[in-house]
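Chain residues, written in single-letter form:
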Amino acid sequence: LKHFTEHTFVPLRCTKNVNVYGDKDAKETSFENFENQLLQLSKWFDSENGGAMSQRLQMTVQQTKLADLEELAAAFDLSSVQKAASSCPEEAAELWDVSAAKSTTKQLLSHCPAAHWWQQKLGSWHAALPFTSFMSPDAEAAKAAAPKANEQ
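Residues numbered from 1 in each chain as written. Predicted model: local features only at pLDDT ≥ 70, side-chain atom pairs only at ≥ 80, totals over all residues. Heavy atoms only, no water.

S.K.: Would you mind showing me how to read the environment of Ser 124 here?
M.R.: Tracing the backbone shows Ser 124 in helix α7 (residues 112-128). Expressed as a C-alpha distance, the spacing of Ser 124 and Trp 44, which sit 80 residues apart in the sequence, is 9.1 Å. (Helix = DSSP H or I, 4+ residues; strand = E, 2+ residues; numbered from the N terminus.)

In structure tokens, the structure reads:
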């Protein structure tokens, strides 16, 4: 948590690599495909801006208590969300009584309509940003963690 709050360890979600150069065929270049994929990604980001996903991510990033951070982060674990949603009956006709943006993860995933909705939303997020990485900007920490010559 210390590294997270001090920004010496920053988790990242990344898009897939998109081929920019080269010709696919005589009528289409890789750049046209790249441009189309980036436009679609841009539209997705615009549509998600300020929504429940964005709000939950913001709450998670701002959290400083480890137990609360773990609880908030659980909402972004796709396999846990899928498990919770699959345990709900298909025809859950309950009215929404939780906030997808502000409820606890337990509340969100125990409310069947919200769990199904969140599963779709999280699946969309994972599809748009399928890779997980991290950034560690502290040079000393990076040097200390680097493998020695005999460890490579």
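Next, the rest of the story.
S.K.: Even after reading the chapter, I still don't get the nonpolar core, so can you show me in this structure?
M.R.: The nonpolar side chains of soluble globular proteins are, as a tendency, buried together. Counting residues in hydrophobic clusters, the biggest one holds 21 residues, and the most contacted among them are Phe 76, Leu 109, Trp 118, Leu 122 and Trp 125. Those elements that provide at least two residues to this core are α2 (30-48), α3 (52-62), α5 (78-86), α6 (105-110) and α7. The greatest single-element share of this core, amounting to six residues, is contributed by α7. With residues up to four places along the chain from it excluded, the contact list for Leu 109 reads Val 81, Ala 84, Ala 115 and Trp 118. (Core = buried A, V, L, I, M, F, W, Y, C linked by side-chain atoms within 4.5 Å. Buried < 20%, exposed > 50% of the residue type's maximum accessible area, 1.4 Å probe, protein only. Contact = heavy atoms within 4.5 Å.)

S.K.: Hey, could you run me through the packing of aromatic side chains in this one?
M.R.: Remark: the centre distance and the inter-plane angle together describe each pair of aromatic rings, the angle taken between the planes. By the definition in use, this model includes four aromatic pairs. Measuring from ring centre to ring centre gives 5.1 Å for Trp 44 and Phe 45, while their planes differ by 65 degrees; the resulting arrangement is edge-to-face. Relative accessible area serves as the criterion here: at 40%, Phe 45 is assigned to the partly exposed category. Between Trp 117 and Trp 118 the ring centres are 6.3 Å apart and the planes differ by 40 degrees, which places this aromatic pair in the tilted class. Put simply, the rings of Phe 76, Trp 117, Trp 118 and Trp 125 pair up and form one aromatic cluster. Directly above the aromatic system of Trp 118 lies the positively charged group of Arg 56, at a separation of 5.6 Å from the ring centroid. (Phe/Tyr/Trp six-rings, centres within 6.5 Å; stacked < 30°, edge-to-face > 60°. Lys NZ or Arg CZ within 6 Å of the ring centre and 35° of its normal.)

S.K.: Is there a simple way to think about α7 in this case?
M.R.: In an α-helix, one turn spans 3.6 residues, which is why side chains three or four residues apart end up on the same side. Across its 17 residues, α7 extends 24 Å between first and last C-alpha, which sits within 8% of the 24 Å expected from 1.5 Å per residue. What α7 keeps buried is the set Cys 112, Pro 113, Ala 114, Ala 115, Trp 118, Leu 122, Trp 125, His 126 and Ala 128. (Expected span 1.5 Å × (residues − 1).)

S.K.: Could you clarify how one ought to interpret the environment of Leu 12 in this entry?
M.R.: For Leu 12, the location among the structural elements is in strand β1 (residues 10-14). Take Leu 12: its relative accessible area is 31%, and that puts it in the partly exposed class. C-alpha of Leu 12 to C-alpha of Leu 129: the two residues are 117 residues apart in sequence and 9.2 Å apart in space.

S.K.: Would you mind showing me how to read the side chain of Glu 48 here?
M.R.: Structurally, the position occupied by Glu 48 is in helix α2. According to the relative accessible area criterion, Glu 48 is buried, its value standing at 11%. A polar side-chain atom of Glu 48 sits 3.0 Å from a polar atom in the side chain of Lys 121. For Glu 48, the contacting residues outside a window of four places in its chain are Met 53, Ser 54 and Lys 121. (Polar contact = N/O pair within 3.5 Å; in protein donor to acceptor, adjacent residues only side chain to side chain.)

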